[in-house]
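Each chain is listed here by its residues.
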Amino acid sequence: MTDRTTPNPNYLNYVKTQDPPTKHFKNCISAFGVGGLICCIGQFIRYMLEYAGLTGDELAGTTSVILIFLGCLLTGLGVYDRIGRYAGAGSIVPITGFANSVTSPAIEFKTEGWIFGMAAKMFTVAGAIIVFGVFSGVLVGLVYYFI
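This structure is a prediction, so every number in the text was calculated from the model and none was measured.

Now for the packing of aromatic side chains. Applying the stated criterion across every chain, the model contains one aromatic pair. Seen from their ring centres, Tyr145 and Phe146 are 5.2 Å apart, and the 75 degrees between their planes marks the pair as edge-to-face. The class for Tyr145 is exposed, based on a relative accessible area of 64%.

Judged by side-chain polarity, Leu37, Ile41, Phe69, Leu70, Leu73 and Leu77 come together as a nonpolar surface patch covering roughly 560 Å² of accessible area. Listed by contribution, the elements that provide at least two residues to the nonpolar patch are α2 (24–51) and α3 (56–76). Structurally, Ile41 is set in helix α2.

For the largest pocket, the calculated volume is near 170 Å³. Taken together, Val34, Leu37, Ile38, Ile41, Leu67, Leu70, Gly71, Leu74, Tyr80, Ile83 and Thr96 form the lining of the largest pocket. Residues that form the lining of the largest pocket fall into these classes: nine nonpolar, two polar and no charged.

Conventions we followed
- Residues numbered from 1 in each chain as written.
- Predicted model: local features only at pLDDT ≥ 70, side-chain atom pairs only at ≥ 80, totals over all residues.
- Heavy atoms only, no water.
- Phe/Tyr/Trp six-rings, centres within 6.5 Å; stacked < 30°, edge-to-face > 60°.
- Buried < 20%, exposed > 50% of the residue type's maximum accessible area, 1.4 Å probe, protein only.
- Patch = residues over 30% accessible without salt bridge, like charges linked within 9 Å, V, L, I, M, F, W, Y side chains within 5 Å.
- Areas by Shrake-Rupley, 256 points an atom, 1.4 Å probe, with all protein chains shown as cover.
- Salt bridge = Lys/Arg side-chain N within 4 Å of Asp/Glu carboxyl O.
- Helix = DSSP H or I, 4+ residues; strand = E, 2+ residues; numbered from the N terminus.
- 1 Å grid on protein atoms, 1.4 Å probe; cavity = no way out; pocket = protein on both sides within 12 Å on 5 of 7 lines; lining within 4 Å.
- Points joined across faces, edges and corners; volume = space filled by probe spheres on them.
- Nonpolar A, V, L, I, M, F, W, Y, C, P; charged D, E, K, R; others polar.

Rendered as structure tokens:
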């Protein structure tokens, strides 16, 4: 009987010959640059809304909504996928990446219908994040309330 937990060394050598080397430095620079650019766009939107007269929570909420809308729009147009291929993690970390992770499955499973397609698959990637965020928010709110 053979041990199935250790991979075949011939297979590992084959994978090394076929797999191109990863360009770590280039990937880090592009992720940093694109992520920073997305954040600069968000800051520009914030300054413009502040100039228009919004303050406090209205300013923060409106900025977030605009960035989420832009992330969803660019995902629907197929632009965000190209940005993601170039930037990698730099496009996933900002709030626009969260919008992309919710919109992409909704678009992909639209053919299965509104309920079993879009509504059910929409939160497959981001569902755990939403649940954790809501749970953490409730927990912090309760602690804040009782203290």
